[in-house]
Structures are given as structure tokens and as C-alpha cells.
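# Results of the structural survey
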Amino acid sequence: IFFSGNGPSGICLSYLLSGYTPYFKRHSLHPHPILQRKLEEAPEVSVLDQDLEYLSEGLEGRSHSPVALLFDTLQRPDTDFGGTAESVLTWWHEPDRAIPHLVLGRNAPGGAWHSIEGSMVTLSRGEWMGLPDLPFKEWLKQKRRGLRNNRATAEDIAQYYQHYVMKKGLQKNFRCGTVVTSVRKVSAETISNHTQKDLQEDSDSLWNSNDQSTEVFQVDGFFKTVEGDKEPFSIYAENVVLATGTYDNPTWLGVKGENLSYVHHQLSALEEAVKNNSVGIVSDPVLIVGAGLTAADAILFAHHCNIPVIHVFRRRVGDPGLIFNQLPKTMYPEYHKVHQMMKEQTAACAGPYEHYISLPEHHVLSFGKDKKCILQDKNGCQKAFKISMALVLTGSNPNLSFLPNDGIDLAIDSDQPVNPKRNPIDVDPFTYECTQEKGLYALGPLAGDNFVRFVQGGALAVASSLLKKENKNPP
């Protein structure tokens, strides 16, 4: 089995496929009485081997995925109510149930967490960032550190994921510095006997030697060597798991001049500009487009550095769909502050915040070579602003260029590109296998699970499905 992406989804799945098996901890008490009764029915049977649809029936929470809610509540029984009840799972290592697999990723284990500015604080509570059987808080205690306002920095999380892979002995399954360029179905007959023999020696799980007509996936790509060379590879697998996340393909507005050198699509460009002293307190304002948390992070960073900001977004400030209207003020004081700025400091009425102007219900028409940006409001009125740089932070899309037709055929709406919020890959909710392509699975944001605490349920579903296929479920 091969999977693309070595972030939290990929790490969690590797753990489950390495023989680590969850059982209901005898004499433990789950606060959900119906789930407790179900778990007591067969405590000697691993959760991986039980009926996940039956166990997850009736559960409610902050995810649309029943299996995500199930695995989350088994690990953190009353966390949404501020409780600290222990996990009702106990983990046994059963090496004979391990399934050979390979996890490919561009970065070190942890995926995109290595690309995020290290001091950024997570949206989710720190304990929700943890993976099975190694609580994040415990790891942090060993570093003699605590959580700030219950939340963690991106640097801590990236280090924790690397530590997890080493601590659980998973590193033999990981290949870092790899780029996948193509995943496609091929007939097993087309692969030379020589290659097939080599692969059988390497991993008997990849091939059924009695059935020469099987279709398998051919995965092509390259490794980046220490010297900077690219070494091509081809891997053949009966099952492929897509766990690539969405971080590396920022959304563009599609307006004139957006490809000019002063227009950027990642927050790191602002950090770089501050380091180089190319923006500062006396420079023209920085234009920030977007009303999500990345845009808010950019505003906080600019505010901290006294850099003037013009903030443009399409929605009304009071729009219930705006993320700021969904966050508790006490837990997210800094995002609440940005929301206050957006409300109180519009161009129409000056507020208490220096160096910041909010332009709700506006959108960008064009960027000029002279660094002039043309904006338009909801009434069609146009305004020009001279800026030093622009940051378009309106979300990101997965890069699925390695799949036929960019993976569009796999999406719920197969006429539109895959989008984690609006058009995820269509998967079976209890196996996470793609409905349009058997043997292909999707995890994390690709399947609509956008928080680390909930991507793990997808990994549980995939592992359960693969164990059934491999006949590694006990009778």
C-alpha cells in the first residue's frame, strides 16, 4: 500500500497499519451511555474489527463524519465540554497484523506544518493536535513547556509529529523529499515479470500471484537527493491513499495584474518583506485580501510591526458565515481583536486602530504595474489605492495534478475542481474509499475533514477497510 502525504493523516494511518491496534479499555466509563453499552458488547474485539457504522450511530459533534466523531470521542471523551476524561482505548502492538506500506512526502513527517511560520499559534486547542497513544500535552511537558491559552505553536506541532514517527518506530515506512507526478491504473499484465518478481520479494501484500489480470496503481515520481538531483521511481500498489492536504496551492482571484511581482499568495511573503525592510511604518500600505484566519494572522503580524494595512473582503462584517462569528471570544482573544478592527475601522468611520482600514463588501478589480490597486464596492463604486505589496489570502486548493483530470472525476460534483470545503472527494463514510475508484482512498481535507482531531477517524476507517481486504482481521 502506498500513500501520498505525510501529515497527521498519513502518520496516523501508518501507526494503525503497523500493527498498533485499539481495544476498549476494560472498566473504563464513557460519558455517552449508548456508546458505552455498545463498547461493552465485545471488549475482546478490536475497534478496527467492529462495525464502525454501528458504533458511530447517534454520535453528534463538530464534524460531519460519523467515524471522525467516533474515534475522537473514544480518545477525548468529553473534550468539547471542557472535560479531561482519559481515553477509553488501550493500544496493543500486534506485529502479525501489520500491512506493508510506504508513506511519501515532500517534507519531514508532519507535512505542511513544517512550512508554517513557527511562532504561529494554532486555531485548535493543543491537546486536539495529538495523535493516538502519545498525548501532545505529555510530550510538551517533557520539553518543560506549557500551552499558551490552551493552544500550541506550529513549530511545536511539527516537532511533535517528527518525534511521534520516531517514538512509534514508523520511520522505516516514510520516504521524505519525494514528489509524486502520476497515479494511474494499469493492468498487472503490462508490468514485466521481472518487476513483478522484485515487488513480490519486497512486499507480498502488493500482488496476488494467482490473478494476473488484476488492475493495480502505478505511482510515478522522483526523490530529491542530498546533492539536489532528482531520482525517478515507479511503485505498483493495489491500494493508494491520498492524504496530500491543501496547503501548497493557494487560491487566485483571477484578476488582471495578479501575476505581478508585488502580489503574493502566502503569508510568508510578508514575513520575508519585513525581514528585508522592504515594508515598514513609513511605506505604502499592504493590501490584505480575505476574511479567514490566514488573513487575520497577516493583519496581526502587520499590526505588531506597525505596518499600515488596507483589508479587503467580500462579506459583511456581521455575516454568520464569517469564521470570527463562530469563535468563542475567551479562547481566541487575538482573532476577536481582528474582528473588532474589521467592524470599527472602516474607511467610512475612523476608529481607534492606527495603520488599519477595513473595506467590507469590496473586491479587487485589478493590480497595476505602478502598484496601484483598483477596488470596487457592492454598489459598483471604484477606488484606487497605492500599495507596497498585496497578499491574497483567500484559501487554498489541493494540488491533484498527478491524477487523471486533476482528480475532478472523484469529487462529489464531478464538473468542478476538488475543494475541501465546497467539493471534497466523494468517499464512502465508513471506509473512506473513493466511490468512483476502488482501491483509491482519500483522507483529511481532501475528504472534507479539515481539523487534525477529526482526520484520525478517516485513518481508522481506511485501516479497518484495508485489514478486511488483506484478511488480517481475526475471525
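Everything below is about the structure printed above this text.
In this text the structure is predicted, and so the values were computed from the model without any measurement.

Quick notes on the rules
- Residues numbered from 1 in each chain as written.
- Predicted model: local features only at pLDDT ≥ 70, side-chain atom pairs only at ≥ 80, totals over all residues.
- Heavy atoms only, no water.
- Helix = DSSP H or I, 4+ residues; strand = E, 2+ residues; numbered from the N terminus.
- Buried < 20%, exposed > 50% of the residue type's maximum accessible area, 1.4 Å probe, protein only.
- Contact = heavy atoms within 4.5 Å.
- Areas by Shrake-Rupley, 256 points an atom, 1.4 Å probe, with all protein chains shown as cover.
- Axes fitted to C-alpha atoms, helices over the stretch in contact; angles between N-to-C directions.
- Parallel < 35°, antiparallel > 145°, perpendicular 65-115°, else oblique.
- Left-handed = near helix turned anticlockwise from the far one by under 90°.
- Nonpolar A, V, L, I, M, F, W, Y, C, P; charged D, E, K, R; others polar.
- Pairing = 2+ DSSP bridges.
- Polar contact = N/O pair within 3.5 Å; in protein donor to acceptor, adjacent residues only side chain to side chain.
- Expected span 1.5 Å × (residues − 1).
- Salt bridge = Lys/Arg side-chain N within 4 Å of Asp/Glu carboxyl O.

## Overview of the overall build of the protein chain
Within the protein chain one finds 11 helices and 20 strands. By residue count, 53% of the 475 residues in the protein chain fall in the buried class. Contacts spanning at least 24 positions in sequence make up 67% of the contacts within the protein chain whose residues lie at least 6 apart. For the protein chain, the exposed surface amounts to about 22,400 Å²; the carbon and sulfur share of it is 49%.

## So, the packing of helix α8 (residues 268-275) against helix α9 (residues 293-304)
Closest axis-to-axis distance for the α8/α9 pair is 10 Å, and the angle between their directions is 15°. As judged from the angle between their axes, α8 and α9 are roughly parallel. The handedness of the crossing between α8 and α9 is right-handed. Every residue of α9 that contacts α8 at L270, E271 and V274 is listed here: A298, F301 and A302. Grouping the amino acids of the contact of α8 with α9 by side-chain chemistry returns five nonpolar, no polar and one charged.

## Topic: the sheet that holds strand β8 (residues 178-187)
A sheet is described by the order of its strands in space; here three strands give the open sequence β8-β9-β10, paired in antiparallel fashion. The sheet is open, and its two edges are formed by β8 and β10 (230-237), each paired on a single side. Neighbour to neighbour, the strand axes of the sheet diverge by 20° on average, direction disregarded. Examined bridge by bridge, strand β9 (residues 215-224) and β10 share eight bridges and lie antiparallel to one another. Considered in β10, the bridge of G221 is made with F233.

## Quick look at the side chain of S63
Its location among the elements puts S63 in the loop between α3 (52-56) and α4 (66-75). Among the polar contacts made by the side chain of S63, one reaches the main-chain amide nitrogen of S65 at a distance of 3.0 Å.

## Here's the deal with α9
Taking 1.5 Å per residue as the helical rise, α9 with its 12 residues ought to reach 16 Å, and the 16 Å between its terminal C-alpha atoms agrees with that figure. Of the residues making up α9, those classed as buried are L293, A295, A296, D297, A298, I299 and A302. Following α9 by one or two positions, N306 has its phi on the positive side, about 60°.

## Here we look at the pattern of salt bridges
Going through the model one piece at a time under the given rule, you end up with 11 salt bridges. Between D49 and R97 there is a salt bridge, with the nearest N and O atoms lying 2.7 Å from each other. Pair noted here: D49 is in the loop between α2 (33-41) and α3 and R97 is in the loop between β3 (89-93) and β4 (102-105), with a separation of 48 residues, a long-range link. A residue is classified by how much of its surface remains accessible, and D49, at 17% relative accessible area, is buried. With relative accessibility at 7%, the residue R97 sits in the buried group. Here D72 and R76 are joined by a salt bridge, their closest N and O atoms 3.1 Å apart.

## Details of the pairing of strand β16 (residues 362-367)
Sheet topology note: the β16/strand β17 (residues 372-377) ladder contains five bridges and is antiparallel. Pairing of S366 across the sheet is with I374, part of β17.

## Things to note about α4
Buried residues dominate α4, accounting for nine of its 10 residues. If you check which residues of α4 are buried, you get V67, A68, L69, L70, F71, D72, T73, L74 and Q75. Structurally, α4 contributes buried residues whose contacts are with α1 (8-17), α2, α3, β3 and α11 (452-469).

## Some details on unusual backbone geometry
A negative phi holds for most residues other than glycine; trans holds for most peptide bonds. Of note, the phi angle at N277 is positive, near 60°, even though the residue is not glycine. Residue position: N277 is located in the loop between α8 and β13 (286-289). We classify N277 as exposed; its relative accessible area is 67%. The residue E361 is not glycine, and still its phi comes out positive at about 55°. Tracing the backbone through its elements, the reader meets E361 in the loop between β15 (356-360) and β16. Take E361: its relative accessible area is 26%, and that puts it in the partly exposed class.

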